[in-house]
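# Observations on chain architecture
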Number of protein chains: 2
Amino acid sequence: MKTIIIGGSATGMGVAARLKRNDPENEIIVYQNKSYVSLGACGLPYFVADNFQDETKLLARSIEDFEKSGVKIVSNTFVSSVDFDNKKIYFEGGEDSYDELVIATGAKPIKPAIEGIDFENIFTLTSLEDGVNLKKYASRTDVKKIAIIGAGFIGLETAEALKDLNKEVCIIEMKDHVSSKVFDEQISNLIEDNLSRNKIELLLNKQVVKFEGNEGKAKSVFLSDGTSIEVDAVVLAVGFMPNTTMFKETNLNLAKNGAIIVDKKGKTNIESVYSGGDCATSKDYITGEDIYSPLATVASKFARVIADNIAGKEAEFAGSVKSAIVRVFDNEAARTGLTESEAVEAGLSIKTAYIVDKDQTGYVPGQSDLHLKLIMDVKSNQLIGAQMFGANKSTLRINAIAALIWAKMPVDSIMEQIDLVYAPPFARTTDILHIALSKLLK
Amino acid sequence: MKTIIIGGSATGMGVAARLKRNDPENEIIVYQNKSYVSLGACGLPYFVADNFQDETKLLARSIEDFEKSGVKIVSNTFVSSVDFDNKKIYFEGGEDSYDELVIATGAKPIKPAIEGIDFENIFTLTSLEDGVNLKKYASRTDVKKIAIIGAGFIGLETAEALKDLNKEVCIIEMKDHVSSKVFDEQISNLIEDNLSRNKIELLLNKQVVKFEGNEGKAKSVFLSDGTSIEVDAVVLAVGFMPNTTMFKETNLNLAKNGAIIVDKKGKTNIESVYSGGDCATSKDYITGEDIYSPLATVASKFARVIADNIAGKEAEFAGSVKSAIVRVFDNEAARTGLTESEAVEAGLSIKTAYIVDKDQTGYVPGQSDLHLKLIMDVKSNQLIGAQMFGANKSTLRINAIAALIWAKMPVDSIMEQIDLVYAPPFARTTDILHIALSKLLK
């Protein structure tokens, strides 16, 4: 048996590592277009913030590690096409054939086709090179003001990172709220207040229409409202698109955004072809629908599922509730399940509770405000979503709500009495979750 | 309708507050032997540690607050007996009659009957006066060394508090491990290491046989191994016993330790007589058995249940998994459900997983070790217990496990893929819980 994996990031190398353990006889070859593998891209903003200096810390495992385990890695090689009928892949100067194929090409940052987008001081933050380049450029003393386009998680984390480097930072967001895909307005508002408190300039409801500059560098960002701002650098963080251009003209089923459609086993519509991670769809745990959710947690779970299926073990991806957390300076926001907007859009009849309380007792130093929004599906009588905002890791509580969603437990007086830990430095006797559940049950 | 409540702490005042809201016409009278109500006793070690100076911060609500809401409070009054047949209570200089009675007399610290136990520098830590007295005495510069007897949660918290006051602290524990009722050996070991690192002297496997001293003050503590230690003060923290001596000769059903046996509605065996909190039993969520678990979280839930039942609403206590957390200097330990020892004692066939991992990524500052023990019942295929040890509130994850226990979710590949939040400052892509679940499923 010979397995070819296209792509050397989390999903691809996750499949390689587990499949080699599952089935040592399997000949595994990874073709990938970088000089390194297993990048933990989520760490890039923290590298830019200079939390650490050696960028290779972001590589979970080295090529040598994998080679030692018997996985062959062909680096710096771009696979340009696949002949699914004859089970062959093609790259510059060669071809190879497989029994099983795993497409793990990941995603690339969206670069809107606007004037000036190719100025050399417009950065993205996806690859190791991106991180090194942005950090180097931002460390220049003549680089004072940096605009970040997009207020998703990477935009927010990068804003904090650049502020840590003492830059003037401005975020430009086309929607009326930050991170509005993943948070409802109440939580977005809190993040926005926090950004303002931390001297991040926030321009909402504004689209970038063009960049102008000279000597190859953008100097002005022109916005949809006719205004412009002067900058020394720009970070593009407007989202991702699956790296699947090479499959557009093939019979591989793709979603609208180009994501490879896979089932719960990571199987595509073509026999012996698997995919997972940022280049593929995943399943919403609650609605069962195909979704595009390029999260590291989803990628690592799909990697296991694919490796197990290739090795002949039954395994299925259970689904995603898109649980996520983000630190924004001295605060943090966390979410799981559907937002209110998503639930309404899905046609669900819902009930919500929004509570503002405290994370711990007032007499032990360190008490902070804690916000919780719970979303319940009235028909199933189950929790389907939650969002939190707080400080000092108090929002790790969201994992308890993810667990209640995961277990599909009914919202009733038993759930209302869930036995959570209490001690003065950590909680209050009646936790914010109890208060929110009582409100839902009223 | 007239309701008499005996006891002004968490349970009693919790019933009073909610019952008044439920049923404003109900005449509610609280008889209690203190001059204040609603003490959050869990905060006493933090008061002793001088985290705050005004001890009244420990009172959740004042007598005036309650009186304003229409609840009558008779303070400094010790109810000496109850005539259940004629629905009367008796106190010094008077009597009163009720339609419904709530016994919420709480618990008192166990004072072993050993020589010298009444020396004036031997303290307990249960009442507001206890806190004030201990703090005042410990602040004397000639009080240098303090022995704490008992290494339960209060013993541990008090050790930290007294160390904060720059005292030499010694803990004497009769068992071979600290907090062995609530933690298995692996976690107790970690707490013990932490105590040693923080210069707390730990004497395990030793019982106190007598105190000797002069001028009314204990100076020497004699131990079961024939040794003795010199001290300037002693804190007794060997556990609690229900405050129910007055009911010993009545037909009120009491458990072996004196706890009033109640059902899930907080009803005793006597019509119209309720009880709950530290003077009563509660129910184990997993085994369904009557247990004695004097936790603030149990008390507050029973208070709600009792108030609702008196007001004619159906309400039942769902049970307790004894979820708890304790801070020990720069570490924290948390638990929920049954320990391995308890599970074995209950005759359950179990499987356990013990994992040592990290709480977050290594490249963001602040990474700490994180320990997790999971206990699963093989027959029901459900989680029945968990214990964690870590730092920086990373053990708040235990609430997610409490939720999985609460929901009685089967341990399978769906649970194994639970979608927990991830971002570099908070977690790793594969959380310690995922690793432990995978181990259980192997």
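As annotated in an unreviewed UniProt entry, chain A carries the name NADH oxidase and is attributed to Spiroplasma chinense. Listed in UniProt under the heading Sequence similarities (unreviewed entry), the comment for chain A reads: "Belongs to the class-III pyridine nucleotide-disulfide oxidoreductase family." Under the Cofactor (unreviewed entry) heading, UniProt states for chain A: "FAD".

Now for the relation of the copies chain B and chain A. The two copies are related by a screw operation: chain B maps onto chain A through 180 degrees of rotation and 0.0 Å of translation along the axis, at an RMSD of 0.0 Å. Taken together, the rotation and translation relating the two chain copies correspond to the operation of a two-fold axis. When C-alpha distances to the rotation axis are compared across chain B, the minimum falls at Ala400 of chain B, with a value of 1.8 Å. Residue by residue, 98% of the interface of chain B is reproduced at the interface of chain A, so both copies engage with the same surface.

This paragraph deals with the pattern of salt bridges. Taken as a whole, this structure holds 47 salt bridges over all chains when the rule is applied. Linking Asp50 of chain B and Lys135 of chain B is a salt bridge whose minimum nitrogen-to-oxygen distance equals 2.8 Å. You can see Asp50 of chain B sitting in the loop between α2 (44–48) and α3 (63–69) and its partner Lys135 of chain B sitting in helix α4 (residues 128–138), a full 85 residues away along the chain. Between Asp184 of chain B and Lys373 of chain B there is a salt bridge, with the nearest N and O atoms lying 3.0 Å from each other. Highlighted residues: Asp184 of chain B in the loop between β11 (168–172) and α6 (185–197) and Lys373 of chain B in strand β24 (residues 369–377), separated in sequence by 189 residues. Using a relative accessible area of 4% as the deciding quantity, one classes Asp184 of chain B as buried. Connected via shared salt-bridge partners are Asp184, Glu340 and Lys373 of chain A.

Moving on: the pairing of strand β21 (residues 324–328) of chain A. All names here are of chain A. For β21, a buried count of 4 out of 5 residues is recorded, marking the element as mostly surrounded by other parts of the structure. Bridge count for β21 against strand β22 (residues 331–337) is 5 bridges, and the pairing is antiparallel. Counted as the bridge partner of Arg327 is Glu332 from β22. The antiparallel pairing of β21 with β22 creates a hairpin that spans 2 residues between the two strands, and Phe329 there sits at a positive phi of about 55 degrees.

Right, let's get into the packing of aromatic side chains. A complete count under the given rule lists 16 aromatic pairs over all chains for this structure. On the numbers, 3.7 Å between centres and 10 degrees between planes, the contact of Tyr285 of chain B with Trp406 of chain B is stacked. Taken together, the positions of Tyr285 of chain B in the loop between β19 (282–283) and β20 (290–291) and Trp406 of chain B in helix α9 (residues 398–406) put the pair 121 residues apart, joining distant regions of the chain. Per residue, the accessibility class of Tyr285 of chain B equals that of Trp406 of chain B, and both read buried. Grouped by ring-pair contacts, the aromatic residues Phe47 and Phe52 of chain A together with Tyr363 of chain B constitute a single cluster. The ring of Phe222 of chain A carries Lys210 of chain A above its face, with NZ or CZ at 5.0 Å from the centroid.

Our next topic: helix α11 (residues 432–441) of chain A. Of all 10 residues in α11 of chain A, 7 are buried; the element is thus mostly enclosed. Among all positions of α11 of chain A, only Ile432, Leu433, His434, Ala436, Leu437, Ser438 and Leu440 of chain A are buried. Those residues of α11 of chain A hidden inside the fold are in contact with β23 (350–358), β24 (369–377), β25 (382–390), α9 (398–406) and α10 (413–416) of chain A together with α7 (296–310) of chain B.

Further remarks concern the sheet that holds strand β13 (residues 208–214) of chain A. Residue and element names in this part refer to chain A. As summarised here, the arrangement of the 3 strands in space is β13-β14-β15, forming an open sheet in which the pairing is antiparallel. Strand pairing shows two members of the sheet lacking a second neighbour, β13 and β15 (228–230), which therefore form its edges. On average, each strand axis in the sheet is tilted by 30 degrees relative to the strand beside it, whichever way the strands run.

The interface is formed by 65 residues belonging to chain B together with 64 residues belonging to chain A. When the two sides are added together, the surface that chain B and chain A hide from each other amounts to roughly 5,400 Å², 65% of it contributed by carbon and sulfur. At the surface where chain B touches chain A, the tally comes to 4 salt bridges. Linking chain B with chain A are 29 residue pairs in polar contact (both at pLDDT 80 or more), by the criterion used here. Elements with a contribution of two residues or more to the side of chain B that touches chain A: α7, β21 (324–328), β22 (331–337), α9, α10 (413–416) and α11 (432–441) of chain B. Of all the elements, α9 of chain B adds the most residues to the side of chain B that touches chain A, at 7 residues. Considered class by class, the residues forming the side of chain B that touches chain A number 35 nonpolar, 16 polar and 14 charged.

Basis of the calculations
- Residues numbered from 1 in each chain as written.
- Chains lettered and ligands numbered in written order.
- Predicted model: local features only at pLDDT ≥ 70, side-chain atom pairs only at ≥ 80, totals over all residues.
- Heavy atoms only, no water.
- UniProt positions renumbered as here; feature names shortened; annotations may be inferred.
- Least-squares fit on C-alpha atoms with pLDDT ≥ 70 in both.
- Contact = heavy atoms within 4.5 Å.
- Salt bridge = Lys/Arg side-chain N within 4 Å of Asp/Glu carboxyl O.
- Helix = DSSP H or I, 4+ residues; strand = E, 2+ residues; numbered from the N terminus.
- Buried < 20%, exposed > 50% of the residue type's maximum accessible area, 1.4 Å probe, protein only.
- Pairing = 2+ DSSP bridges.
- Phe/Tyr/Trp six-rings, centres within 6.5 Å; stacked < 30°, edge-to-face > 60°.
- Lys NZ or Arg CZ within 6 Å of the ring centre and 35° of its normal.
- Axes fitted to C-alpha atoms, helices over the stretch in contact; angles between N-to-C directions.
- Buried area = accessible area lost by both parts, 1.4 Å probe.
- Polar contact = N/O pair within 3.5 Å; in protein donor to acceptor, adjacent residues only side chain to side chain.
- Nonpolar A, V, L, I, M, F, W, Y, C, P; charged D, E, K, R; others polar.

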